[in-house]
Amino acid sequence: MPDTRLIRAFLEPRHAAFAGQAGEFAEREIASRPHAGDDTTARREARAILAKLGGGGWLRPIFDLDLRACCLMREALGEASPLADAVFALQGLGTTPILLGGSAEQKERWLGPIAAGEVMTAFAMTESEAGSDVSGIATTARRDEQGYVLNGAKTLISNAGIADLYVVFASTDRSKGSKGISCFLVPRDTPGFRFAGAQVMSAPHPLGELAFEGCRVPADAMLGAEGRGYGLGLAALDRLRPTVAAAACGMAARALAESLAHVKRRHQFGKPLAHFQLVQQKLARTATDLAAARLLTYRAAYEKDQGQERITAEAAMAKSFATEMAQRAVDDAVQLIGGRGVLADHPVDHLYRAVRALRIYEGTTEIQQLIIAGDLLK
Ligand SMILES: Cc1cc2nc3c(=O)[nH]c(=O)nc-3n(C[C@H](O)[C@H](O)[C@H](O)COP(=O)(O)OP(=O)(O)OC[C@H]3O[C@@H](n4cnc5c(N)ncnc54)[C@H](O)[C@@H]3O)c2cc1C
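Residues numbered from 1 in each chain as written. Predicted model: local features only at pLDDT ≥ 70, side-chain atom pairs only at ≥ 80, totals over all residues. Heavy atoms only, no water.

Engineer: What am I meant to see in the layout of surface pockets here?
Structural biologist: Space left empty within the atom packing is revealed by a probe, the size of a water molecule, rolled over the atoms. Put simply, the largest pocket is a space of about 950 Å³. Every residue lining the largest pocket is counted, 35 residues in all, and those nearest its centre are Thr126, Ile360, Tyr361, Glu362 and Gly363. At the level of secondary structure, the elements contributing two or more residues to the lining of the largest pocket comprise helix H5 (82-101), strand E3 (147-158), helix H7 (229-265) and helix H11 (365-377). Residue contributions to the lining of the largest pocket peak at 5 residues, all from H7. Per-class residue counts for the lining of the largest pocket are 19 nonpolar, 9 polar and 7 charged. The calculated volume of the second largest pocket comes to roughly 430 Å³. (1 Å grid on protein atoms, 1.4 Å probe; cavity = no way out; pocket = protein on both sides within 12 Å on 5 of 7 lines; lining within 4 Å. Points joined across faces, edges and corners; volume = space filled by probe spheres on them. Helix = DSSP H or I, 4+ residues; strand = E, 2+ residues; numbered from the N terminus. Nonpolar A, V, L, I, M, F, W, Y, C, P; charged D, E, K, R; others polar.)

Below you can see the structure in the form of structure tokens.
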């Protein structure tokens with residue numbers, strides 16, 4: 001459960017109550033669910049979790065644009081189940097471009113069913129030749145008298161194959177680079193659009209490839225104006241990066257809790273592991289790094305909630321620091337737990353496999369560092 005004492009300077013009174021409720025929900029209804037051991041189960045489980053989140057009103061912070069509440073939710077879910085955290089995160093990533101750039105009709109049509117967890121979203125930006133450098137997007141959207149025709153392929157897309165609505169980035173004018181990228185809403189049953197196959201991760205996380213082959217969408221499927229898709233995508237990522245940091249903090253908190261329980265229980269050389277100073281050093285480092293990461297995370301979310309237009313550098317600091325910290329924290333937990341920590345059914349092994357992707361998706365650590373340095377040098 002997210003501990004709000006450290007971060008109270010960044011929260012409103014309602015957030016403390018929400019953190020408690022979110023933590024209880026995650027412990028009671030999410031942590032108790034069986035671990036999804038394979039991709040097919042993970043895909044089914046992701047839909048079931050979305051129904052639970054939507055049915056219980058837990059997706060509300062996304063629609064209220066309450067970034068601190070989104071962070072508290074991801075911290076609670078990250079601690080209970082990285083898969084449930086990903087389900088919440090992807091619903092946020094797919095919805096935010098609609099909230100920021102959608103027309104009244106688009107919002108009217110989609111936001112209700114998305115909030116209820118009936119419509120699952122996906123955010124389709126990455127391509128085989130456009131990863132960190134999104135300006136290289138080669139999927140095209142050609143205008144004709146009836147709308148747009150999309151051609152191209154996407155890779156490494158979360159919720160691919162199980163989402164109902166895809167937010168797709170495509171170039172309407174390749175000569176303009178990033179200024180020629182537009183954003184489209186593509187429902188799953190659109191002719192010419194297909195799920196091109198699963199990409200199976202070592203942690204349960206529905207991921208896959210998409211193909212657009214003469215995929216026709218009406219002109220009003222465009223989100224925002226032509227050529228504004230890149231800005232919309234970056235604005236969504238900017239807003240949501242602190243929530244990746246929050247998920248990392250949740251995973252690190254779980255790793256620390258597992259370590260603490262283990263070192264108090266486990267005896268070697270005639271005393272509990274907790275009595276050895278080399279063990280204590282690991283615990284102290286994780287606790288300190290986790291506190292620092294949480295302060296960076298809620299600082300970034302607070303600035304956004306206060307109305308700061310861009311939190312690019314603050315979000316980049318939070319994301320890079322917290323995800324690197326969580327990787328170390330989980331690795332230390334495996335080390336402290338020893339051989340049992342690498343067995344496939346141990347919670348720290350689940351964390352070990354889940355935490356790695358956080359340093360890569362929504363902008364790698366190196367890209368965050370470039371953003372921070374760019375801000376310093378401008
Ligand atoms: C689990 C998971 C889920 C994902 N979900 C989605 C999704 O839902 N939608 C979506 O669109 N994408 C998604 N992605 C893709 C993700 O956003 C990309 O993997 C990420 O942006 C990095 O791109 P890349 O993998 O092509 O790596 P590359 O861009 O090829 O980078 C490879 C390495 O080079 C480094 N590098 C690149 N450029 C520089 C530079 N200028 N200076 C220094 N180092 C550099 C990177 O930091 C990295 O270490 C997901 C990825 C993962 C792992």
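Engineer: Would you explain the packing of helix H9 (residues 312-337) against H11 in this entry?
Structural biologist: Helix-helix packing: each pair is described by the crossing angle between the helix axes and the interaxial distance. Their axes nearest at 9 Å, the elements H9 and H11 cross at an angle of 145 degrees. Taken as a pair, H9 and H11 cross one another with a handedness that is left-handed. Where H9 approaches H11, its residues Thr312, Ala313, Ala316, Met317, Lys319, Ser320, Thr323 and Glu324 are matched on the opposing element by Thr365, Gln368, Ile371, Ile372 and Asp375. Of the residues contributing to the contact of H9 with H11, the split by class is 5 nonpolar, 5 polar and 3 charged. (Axes fitted to C-alpha atoms, helices over the stretch in contact; angles between N-to-C directions. Left-handed = near helix turned anticlockwise from the far one by under 90°. Contact = heavy atoms within 4.5 Å.)

Engineer: Looking at this model, I keep getting lost on H9. Mind explaining?
Structural biologist: The periodicity of an α-helix, 3.6 residues per turn, causes residues three or four places apart in sequence to face the same way. For H9, which comprises 26 residues, the first-to-last C-alpha distance of 37 Å matches the rise-based estimate of 38 Å (1.5 Å per residue) to within 8%. Extensive coverage of H9 is indicated by the burial of 19 of its 26 residues. (Expected span 1.5 Å × (residues − 1). Buried < 20%, exposed > 50% of the residue type's maximum accessible area, 1.4 Å probe, protein only.)

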